[in-house]
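# Notes for the structure review
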Amino acid sequence: MLNTAIVGLGWWGKTLVKAARDFGAPINFVRGVTLEPDTVRDFAAEHEIILGTSFEDVIADPAIQAVILATPHSKHRAQVEAAARAKKHIYCEKPFALSKADAVAMLDACQRAGIVIGVGHHFRLMPSIRVLGELMQAGAFGTIMHVEGNYSHDWLANYPADSWRMAAAESRAGGMTGMGIHVLDCFRDLNGPMKRISALSKARALKVPTGDTTAALIEFENGSTGTLGTTIKTPFRWRIAIFGENCWAESVSETRAIVRHAGKDDPEVIERPADNHLGRNLDYFAKAAMGQGAFPISPAGILQTAAALEAVFKSVDAHGAWMEV
């Protein structure tokens, strides 16, 4: 088992602990860091987690082998670099970094320390996305023409205005840091690196400083095009679609994919069993930290997604101008 500290025990930090336990990942959560310990004492007691308020104390503890960061995005660089100096393996929630320069510095620190770095891009492990990946590996698409993605919901629409998740410095460009980042990562995982991005972000229904709706046009290094949409004020929607010369396929839920091959009159609906893909991602991390395989996203892949996110931010700030990734 990997003796681990969970840093940040808000909604998502608790979700990570439960997902790892439910999956059976070899993670032993022994310490937790939160600035509001009174709000999570029952949860910590249930999961036998020793609570504290100091990140520095946790990374100084020789019994702690790894840290999982479920903290505000702007804190990731300093925390990753500090944990790397302390030789702790790190699982960092997405977005890994808000700029390419920060991502480079963080990954360099991990490489120097010789520790495993994992990131919370678990949507690429959804059963329906794996259907698309299997088709890609089999060459079923032929030449890729275009990809489309949309991840939207209204779960955060009524979040407190003073929450860090609603702060302009933490959640730029509408839903990009919470939702659109998953689309970018699936795009990269399925279709390869992105070359340049043009994006717009608007405040349509919610008067929040970051906007509530973002749309992006993407050119990939392989020459294909892509579109991305995300809004934080509409009923739930998830979709990733790949259009190739020989077939198209789309993920429309965690478990359902729809595929249509050239020459076929009707599309095929493929339903896969549900999977704890968040727990699976944590399992990959823990096993990699214990020397049992590699985390499935390489440092180069982590960097590329972070760079694509920054390109969206820059383009939004420049009113849709093309930005290199």
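Before reading on, note that the structure itself is shown above.
Residues numbered from 1 in each chain as written. Predicted model: local features only at pLDDT ≥ 70, side-chain atom pairs only at ≥ 80, totals over all residues. Heavy atoms only, no water.

When you go through the chain residue by residue, the secondary structure sums to 9 helices and 15 strands. Since a compact globule built from 325 residues should have a radius of gyration of about 20 Å, the 20 Å found for the chain is in line with a globular shape. Overall, the C-alpha framework of the chain stretches about 60 × 45 × 35 Å when taken along its three principal axes. Relative to its 325 residues, the chain shows a buried fraction of 56%. In the chain, the share of contacts with a sequence separation of at least 24, taken over all contacts with a separation of at least 6, comes to 70%. A total accessible area of about 14,000 Å² is found for the chain, and carbon and sulfur atoms account for 51% of it. Seen as two clouds, the 33 positive and the 35 negative side-chain charges of the chain have centres 2 Å apart. (Helix = DSSP H or I, 4+ residues; strand = E, 2+ residues; numbered from the N terminus. Rg over C-alpha atoms; globule rule 2.2 N^0.38 Å. Buried < 20%, exposed > 50% of the residue type's maximum accessible area, 1.4 Å probe, protein only. Contact = heavy atoms within 4.5 Å. Areas by Shrake-Rupley, 256 points an atom, 1.4 Å probe, with all protein chains shown as cover. Lys, Arg positive; Asp, Glu negative; His and termini not counted. Charge placed at Lys NZ, Arg CZ, Asp CG, Glu CD.)

Okay, the side chain of R239 next. With respect to the helices, strands and loops of the structure, R239 is situated in strand 11 (residues 237-244). Side chain to side chain, R239 and E250 meet in a polar contact 2.6 Å long. Not counting chain neighbours up to four residues away, the residues in contact with R239 comprise E148, G149, N150, E250 and S251. (Polar contact = N/O pair within 3.5 Å; in protein donor to acceptor, adjacent residues only side chain to side chain.)

To continue, consider the state of the cysteines. As enumerated under the stated definition, the model contains 0 disulfides in all. Its sulfur unpaired, C186 is 17 Å from the next cysteine sulfur, which belongs to C247. Residue classification places C247 among the buried residues on the basis of a relative accessible area of 3%. (Disulfide = S-S within 2.5 Å.)

Another aspect to go through is the sheet that holds strand 5 (residues 89-92). What the 6 strands build is an open sheet, ordered 3-2-1-4-5-6; its pairing is parallel. The open sheet is flanked by strand 3 (50-52) and strand 6 (117-119), the only strands paired with a single partner. Averaged over all adjacent pairs, the angle separating strand axes in this sheet is 25 degrees, with direction ignored. In this sheet, strand 5 lies alongside strand 4 (residues 66-69) in parallel orientation, the contact comprising 4 bridges. Bridge pairing in strand 5 places V67 opposite I90. Across the sheet, helix 4 (residues 76-85) lies against strand 1 (2-7), strand 4 and strand 5, angled at about 165 degrees from strand 5, the strand it touches most. (Pairing = 2+ DSSP bridges. Axes fitted to C-alpha atoms, helices over the stretch in contact; angles between N-to-C directions.)

Extensive coverage of strand 12 (residues 247-251) is indicated by the burial of 4 of its 5 residues. Across 4 bridges, strand 11 lies against strand 12 in antiparallel orientation. Within the sheet, the bridge partner assigned to I240 lies in strand 12 and is S251. The turn joining strand 11 and strand 12, which pair antiparallel and follow one another in sequence, is formed by 2 residues. Two elements, strand 12 and strand 13 (residues 256-261), share 5 bridges in a ladder whose sense is antiparallel. Bridge assignment links E250 to a residue of strand 13, and that residue is I258.

Next up on the list: the packing of helix 6 (residues 127-137) against helix 7 (residues 176-191). Put simply, helix 6 and helix 7 touch, their axes get as near as 10 Å, and they point 25 degrees apart. Viewed along their axes, helix 6 and helix 7 adopt a mutual orientation that is roughly parallel. Touching I129, R130, L132, G133 and M136 of helix 6 are C186, D189 and L190, all from helix 7. Among the residues forming the contact of helix 6 with helix 7, the class breakdown is 5 nonpolar, 1 polar and 2 charged. (Parallel < 35°, antiparallel > 145°, perpendicular 65-115°, else oblique. Nonpolar A, V, L, I, M, F, W, Y, C, P; charged D, E, K, R; others polar.)

When two helices pack together, their arrangement is captured by the angle between the axes and the distance separating the axes. Where helix 1 (residues 11-23) contacts helix 8 (residues 277-289), the two axes come as close as 8 Å, and the packing angle between them is 80 degrees. By the angle between their axes, helix 1 is roughly perpendicular relative to helix 8. Counting all contacts with helix 1, which are made through W12, T15, L16, A19, A20 and F23, the residues of helix 8 involved are L278, G279, R280, L282 and D283. Here the residues of the contact of helix 1 with helix 8 are counted per class, giving 7 nonpolar, 2 polar and 2 charged.

The next point concerns helix 5 (residues 100-113). Think of an α-helix as turning once every 3.6 residues; residues three or four places apart then point the same way. In this model, helix 5 (14 residues) spans 20 Å end to end at C-alpha, consistent with the 20 Å of a helix rising 1.5 Å per residue. Those residues of helix 5 that fall on the buried side of the exposure criterion are A103, A105, M106, L107, A109, C110 and A113. Elements in contact with the buried residues of helix 5: helix 4, strand 5, strand 6 and helix 9 (299-317). Positive phi shows up at G114, right after helix 5, with a value of about 70 degrees. (Expected span 1.5 Å × (residues − 1).)

Core analysis: the largest hydrophobic core is formed by 56 residues, its most contacted members being L16, V67, I90, F96 and L282. Not counting chain neighbours up to four residues away, the residues in contact with I90 comprise V67, L69, V80, A83, A84, C110, I115, V116, I117, G118 and F285. Grouped together as the second largest cluster of nonpolar side chains are 46 residues, M126, M179, M194 and I270 included. (Core = buried A, V, L, I, M, F, W, Y, C linked by side-chain atoms within 4.5 Å.)

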